[in-house]
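# Geometric and topological summary
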Number of protein chains: 2
Amino acid sequence: MKKVSISDIARKAGVSVSTVSFVMNDKAVKMRISQEVIQRVERIAREMGYHPNQLARGLRTGKTKTIGLIVENISNTFFAILAKTIEDEAKKFDYKVVYCSTDNDAVKARELINMLSQRQVDGYIITPTEELLEDIRKLQADNKPVILIDRYFPDHKEIPYVLVDNYAGVTEGMQYLIGKGYRKIALVSIEVDMAHMNDRLRAYYDVLGMHGIGADEITLKLIPYGYDERSALQEIIDLLTERKDKIDAVFFLTNYLGVLGIEAIKRLDIKVPSEMAVLCFDDNDIFRLYTPGISVIRQPVREIGQRAILGLMERLKPANGNGAHEPINIKLPAELVRRESI
Amino acid sequence: MKKVSISDIARKAGVSVSTVSFVMNDKAVKMRISQEVIQRVERIAREMGYHPNQLARGLRTGKTKTIGLIVENISNTFFAILAKTIEDEAKKFDYKVVYCSTDNDAVKARELINMLSQRQVDGYIITPTEELLEDIRKLQADNKPVILIDRYFPDHKEIPYVLVDNYAGVTEGMQYLIGKGYRKIALVSIEVDMAHMNDRLRAYYDVLGMHGIGADEITLKLIPYGYDERSALQEIIDLLTERKDKIDAVFFLTNYLGVLGIEAIKRLDIKVPSEMAVLCFDDNDIFRLYTPGISVIRQPVREIGQRAILGLMERLKPANGNGAHEPINIKLPAELVRRESI
DNA sequence: GATGATAGCTAAAACGATTTAGTTCATTAT
DNA sequence: ATAATGAACTAAATCGTTTTAGCTATCATC
């Protein structure tokens, strides 16, 4: 059983390929094809099980109805939910999503962009890595719409982004901790020089400063990105052991770190919140189900996905001739979810 | 900045497109293109930033170097990890993965297969739904390799599959429970008439039978598939409340149900394992971190992904002319991970 | 009975590659 | 001097669509 092409149908129906094409694309009326021919062609197409070859179509029209989604790691809950939302939302506009993971490696990210561009995707949703600015501008110069998610380049407002308001989120978390009387708040973050993380860090220092909490009370732990799970866990265990008296609360700046944090706390048998309060940026099933429930700053994952698709679709609309779109620089509010860990 | 095509290069280099094509495909030597021309073409291609258009290439060659991955739901941990493994493994063979979620809906699954087929993917890795048999056979008739994962059609060994040995896994779990003295073992499963689930159910009954445990001691709860999280949780809560005395252990048959189970147990404040032992099929970070740690039957997720890709690649090799491949009917052993919940 | 309009199609180019079958020129063999 | 060989390329078909421009037959109009 071989693939059926438009010309197979044409032959069988005794008409030209153009006619079949018009019928298949609902242009038959505009092209004044007779009702009789329309019916015949449609019937034969159905009988033969015709499905248009999207490669050929894409080659001819330059549109593939496909968008490329580049995340850090699809197996991470945050990105997995984001991907699912984006898949669902894109479907509403009859677009298909192709996703891939960078593992936060700029070289890999660059390769992925190339790969997607070779496959002629119509637009991109990207979780950028460091050093990816140039590649993204190339896409834009190429007239391909791009929306950044989760991370951004704050000095380049011409590159649209949709993400959580990291600064406000951490600020809220810190104020909550301080409001509850904690001062010796340790921060555990990942060592990556990107704006979204710097925003979180900045909020930490700003709030501490506002409350006159000095350097001697600060514990900051940055886990190098490349570390495997084992080493990262060890780092956290060491931190919580060595500085136990100098810490009365820990704030984990990512989902992944929070999970490791829980593991460390479990191993060290630290009582939460009596011995140490815990707060995490970004939610996860575990935090809800753990005992005690871990309070978190929740990101609006689904809304990020929805807004990203909406923005992309607007830029993909045929009327993009003018080229002037309103800029997309969206920071969505985070939500403090109070559980039992603080 | 417009896309650079092979003919742009040809023009600039003063040669024909054929020559450029040969150079770009490392066929230059075979086609006796002179070193001088090779160098020149390569230089110009590099300078102009040439990247081959994969649509055109795919249209001509019939190969897209892309495989389609259909899972139930990419936001579920199990499938997310599977997807990531498959992405990584495929990359080793220079293949790209396009994934999509069926939400366990046969209609959607069918649409996805069509969509992938229209995009001319070279092969498929599919988590089938019920009623998908015919569509899969069509792919095979079309000479497109398919490997099923996680689920299968046991009566159709000609459709290759890679999955965990569900029967053996549940058997091991049940025997462990019984070995520990539990007899009133409740089973919580999902209501779906597919072989992998029936295998799990069968193992449950077989082991009970072997130990002479009768109907009066059995509690079986099937959650209808379409239920949302809220309703499913309520069902489990009701079960654990109403039949509390008739249950001394619960065995959750999926990851997702186990998570809901924990939530129910937490809400009802049931002491594990003293009041009730807990076991779950398929692991999850939560089970490891929850207190008490939940024992599980762990699936070899990564190995499933690896074997699936390996099998697919073998069927994708150019030497598939003979058509005779050794059948792939793989059931990988599950592993009992003992924690504190039993 | 020439002119124009309209209905109902079709021919052919184009998209960007790959690939088969030549072509051209220089060199060697007979 | 002619044929054969080989080196170094090129022309053109092809994949399956879309789309523009044009063709033919019929009918109305003056």
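Residues numbered from 1 in each chain as written. Chains lettered and ligands numbered in written order. Predicted model: local features only at pLDDT ≥ 70, side-chain atom pairs only at ≥ 80, totals over all residues. Heavy atoms only, no water.

### Observations concerning the overall build of chain A
Here is the rule: Only DSSP runs of H or I with at least four residues qualify as helices, and only runs of E with at least two residues qualify as strands; both kinds are numbered from the N terminus onward. Atoms considered for the radius of gyration are the C-alpha atoms alone. The globule rule reads 2.2 Å times the number of residues to the power 0.38. Remark: exposure states derive from per-residue accessible area (1.4 Å probe, protein chains only) relative to the maximum for the residue type, with buried under 20%, exposed over 50%, and partly exposed in between. Each accessible area is a Shrake-Rupley result for a 1.4 Å probe, and residues are judged covered by the shown protein chains and nothing else. His is not counted here, nor are the chain ends, while Lys and Arg score as positive and Asp and Glu score as negative. For this purpose, a charge sits on NZ of Lys, CZ of Arg, CG of Asp or CD of Glu.
Across its full length, chain A carries 13 helices and twelve strands. For 342 residues, the compact-globule estimate of 2.2 N^0.38 gives 20 Å, and the C-alpha radius of gyration of chain A, at 26 Å, exceeds that figure by more than 25%. Principal-axis analysis of the C-alpha atoms places the extent of chain A at approximately 85 × 40 × 30 Å. For chain A, the residues scored as buried account for 56% of the 342 residues in total. Total accessible area on chain A stands at roughly 15100 Å², and carbon and sulfur atoms take up 49% of it. Computing the positive centroid from 48 side-chain charges and the negative centroid from 48, chain A places the two 9 Å apart.

### With respect to the sheet that holds strand 7 (residues 219-224) of chain B
Residues and elements named next belong to chain B. Rules: The criterion for strand pairing is that DSSP finds at least two bridges linking the strands in question. Each axis is a line fitted through C-alpha atoms, taken for helices only over the stretch in contact, and angles between the N-to-C directions span 0 to 180 degrees. Residues count as neighbours in contact if any of their non-hydrogen atoms are within 4.5 Å of one another.
Reading across the sheet, the six strands line up as 7-6-8-9-10-12 and stay open at both edges, with mixed pairing between neighbours. Two strands bound the open sheet, and with one partner strand each, they are strand 7 and strand 12 (335-337). Strand after strand, the sheet turns through a mean of 20° between neighbouring axes, direction not considered. Two strands pair when backbone bridges link them, and strand 8 (residues 249-252) and strand 9 (residues 277-281) are joined in this way by four bridges, in the parallel orientation. Paired with A249 across the two strands is A277, which belongs to strand 9. Across the sheet, helix 8 (residues 166-179) lies against strand 6 (185-191), strand 8, strand 9, strand 10 (295-298) and strand 12, angled at about 170° from strand 9, the strand it touches most. Against the sheet, helix 10 (residues 229-242) engages strand 6, strand 7 and strand 8, with an angle of about 165° to strand 7.

### Considering the packing of helix 10 of chain B against helix 11 (residues 255-268) of chain B
All names here are of chain B. How we decide: Working rule for angles: under 35 degrees goes down as roughly parallel, over 145 as roughly antiparallel, 65 to 115 as roughly perpendicular, anything else as oblique. Working rule for handedness: look at the near helix, and if it is turned counterclockwise from the far one by less than a right angle, call the crossing left-handed; if clockwise, right-handed. Ten residue types, Ala, Val, Leu, Ile, Met, Phe, Trp, Tyr, Cys and Pro, are classed as nonpolar, four, Asp, Glu, Lys and Arg, as charged, and the remainder, Gly among them, as polar.
At a closest axis distance of 9 Å, the pairing of helix 10 and helix 11 adopts a crossing angle of 55°. The angle between the axes of helix 10 and helix 11 places the two elements in the oblique class. Where helix 10 crosses over helix 11, the two elements pack in a sense that is right-handed. On the side of helix 10, the interface is formed by E229, A232, L233, I236, I237, L240 and T241, while helix 11 contributes Y256, L257, L260, G261, E263, A264, I265, R267 and L268. For the contact of helix 10 with helix 11, the class distribution of residues is eleven nonpolar, two polar and three charged.

### Quick notes on the protein's contact with DNA strand D
Counted only if it meets this: Summary of the distance rule: residues count as near a molecule or strand when at least one heavy atom falls within 4 Å of that molecule or strand. In the analysis that follows, any N or O atom pair within 3.5 Å is treated as a polar contact, provided that within protein one partner can donate a hydrogen and the other can accept it, and provided that, for residues neighboring in sequence, both atoms belong to side chains.
In the vicinity of DNA strand D lie 27 residues, with K27 and R60 of chain A together with T19, R32 and S34 of chain B positioned nearest. One of the side-chain N or O atoms of S18 of chain B is found 3.1 Å from a base nitrogen in DNA strand D. At 2.4 Å, a side-chain N or O of R32 of chain B approaches a phosphate oxygen of DNA strand D. Elements supplying a minimum of two residues to the surface near DNA strand D: helix 2 (17-24) and helix 4 (54-61) of chain A together with helix 2 (17-24) and helix 4 (54-61) of chain B. The leading source of residues in the surface near DNA strand D is helix 4 of chain A, at four residues. Residue composition of the surface near DNA strand D, grouped by class: eleven nonpolar, eleven polar and five charged.

### What to know about the environment of I218 of chain B
All names here are of chain B. Note on placement: I218 falls in the loop between helix 9 (195-210) and strand 7. Separated by 123 residues in sequence, I218 and S341 have C-alpha atoms that sit 20 Å apart. Excluding residues within four positions of it along the chain, I218 makes contact with Y204, Y205, L208 and R243.

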